[in-house]
Amino acid sequence: MLALVALIALLAPYIAPYGEHERVGEPFESPSRAHPLGLDDGGIDMLTLMLWGSRVSLIVGFAAAAVAIVLGGVIGLIAGYFGGRSDMVLSRAIDYFLVIPDIPLIIVAAAIWGRNLTNVILIIGIIYWTWTARIVRAQVMSIRERSYIRRAKAIGARDARIIGRHILPQVAPIIAANAVIMIAFAIFAETAIAFLGLGDPGLISWGKLIENAFQGNAVSVNAWWAVGPPGFAVAFVVLACVMLGRAIETALNPRLEGSHMSVRTFSVRPTRAAGS
């Protein structure tokens, strides 16, 4: 599912039936053979806008997820391995970010830093790094107490070597699974930012299409095709990311397989009465 959307985004300039800003009919013209998804409030083909919008949404999703994973992974490794004062300071920072509601913080940051694609990516990545940091920190704190880590310290191995050679491979499956799920968070956050009018005004994304539809009163004129397709696309990609993330986690950590909703059968042997 995710590969299909990525392929469509890559081929958007070649498979889009019309120009990105080309007006081909009346505003909110209903779907037809020439325009399978109808037209938006400006008379632009919705299928074309959906294809071009997938590029921006996926760029934000992958780039913001990369920022969140790198930042959260590094902080989680440092806090979990060294502990002490560094762990206390970083843990407090994680807690502060976690208790602040995401959307209001994104709105304030976008309003202060400006409305462009780079700022949106950095804002989403900086806000969502705490989820990765908390998970990695908990895993590292558990791993650092194992016997082979203590033996490595006893023979004089440096901290950087222990982290890179022994700890990082153990938390890599969790980081990989969390990275895919973080893409879903980032795409959903970008959609919210664009819908609230804080996205890059010069770029088309799925969230921007939903905002344009509401600004043009698409609901009032029953133009469902201006709202439904971008909303379905966001839900489709989010579902794909969640499924892929869980599949990666299960594949790299076989102990998770069958741990949920497992059914066990027990055989009861009949007991013989005493003296029989």
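Everything below is about the structure printed above this text.
Notes on the structure follow. (Residues numbered from 1 in each chain as written. Predicted model: local features only at pLDDT ≥ 70, side-chain atom pairs only at ≥ 80, totals over all residues. Heavy atoms only, no water.)

A cluster of nonpolar side chains, contributed by Leu4, Leu7, Ile8, Leu10, Leu11, Tyr14 and Ile15, occupies part of the molecular surface with about 720 Å² of accessible area. Among the elements of the structure, α1 (2-10) and α2 (12-15) are those that each provide at least two residues to the nonpolar patch. It is α1 that contributes the most residues to the nonpolar patch, four residues altogether. Mapped onto the elements of the fold, Leu10 is located in helix α1. For Leu10, a relative accessible area of 61% puts it in the exposed group. (Patch = residues over 30% accessible without salt bridge, like charges linked within 9 Å, V, L, I, M, F, W, Y side chains within 5 Å. Areas by Shrake-Rupley, 256 points an atom, 1.4 Å probe, with all protein chains shown as cover. Salt bridge = Lys/Arg side-chain N within 4 Å of Asp/Glu carboxyl O. Helix = DSSP H or I, 4+ residues; strand = E, 2+ residues; numbered from the N terminus. Buried < 20%, exposed > 50% of the residue type's maximum accessible area, 1.4 Å probe, protein only.)

With that settled, consider the layout of surface pockets. Volume-wise, the second largest pocket comes out at about 270 Å³. If you go around the second largest pocket, you meet 14 residues; those closest to its centre are Val5, Ile8, Met50, Trp206 and Ala233. Elements with a contribution of two residues or more to the lining of the second largest pocket: α1, α3 (46-82) and α10 (228-252). Split by residue class, the lining of the second largest pocket holds 13 nonpolar, one polar and no charged. (1 Å grid on protein atoms, 1.4 Å probe; cavity = no way out; pocket = protein on both sides within 12 Å on 5 of 7 lines; lining within 4 Å. Points joined across faces, edges and corners; volume = space filled by probe spheres on them. Nonpolar A, V, L, I, M, F, W, Y, C, P; charged D, E, K, R; others polar.)

We now examine α3. Under the 1.5 Å per step criterion, the end-to-end length of α3 is 53 Å for 37 residues, consistent within 8% with the ideal 54 Å. For α3, the side-chain oxygen to backbone nitrogen distance between the N-cap and Leu47 is 3.4 Å, and the N-cap itself is Asp45. One or two positions beyond α3, positive phi appears at Gly83, with a value near 65°. (Expected span 1.5 Å × (residues − 1). Polar contact = N/O pair within 3.5 Å; in protein donor to acceptor, adjacent residues only side chain to side chain.)

Moving on, we get to unusual backbone geometry. Residues apart from glycine generally show negative phi values, whereas peptide bonds are mostly found in trans. Although it is not a glycine, Phe28 sits at a positive phi angle of roughly 55°. If you trace the backbone, Phe28 turns up in the loop between α2 and α3. Residue Asn222 is not a glycine yet carries a positive backbone phi of 60°.

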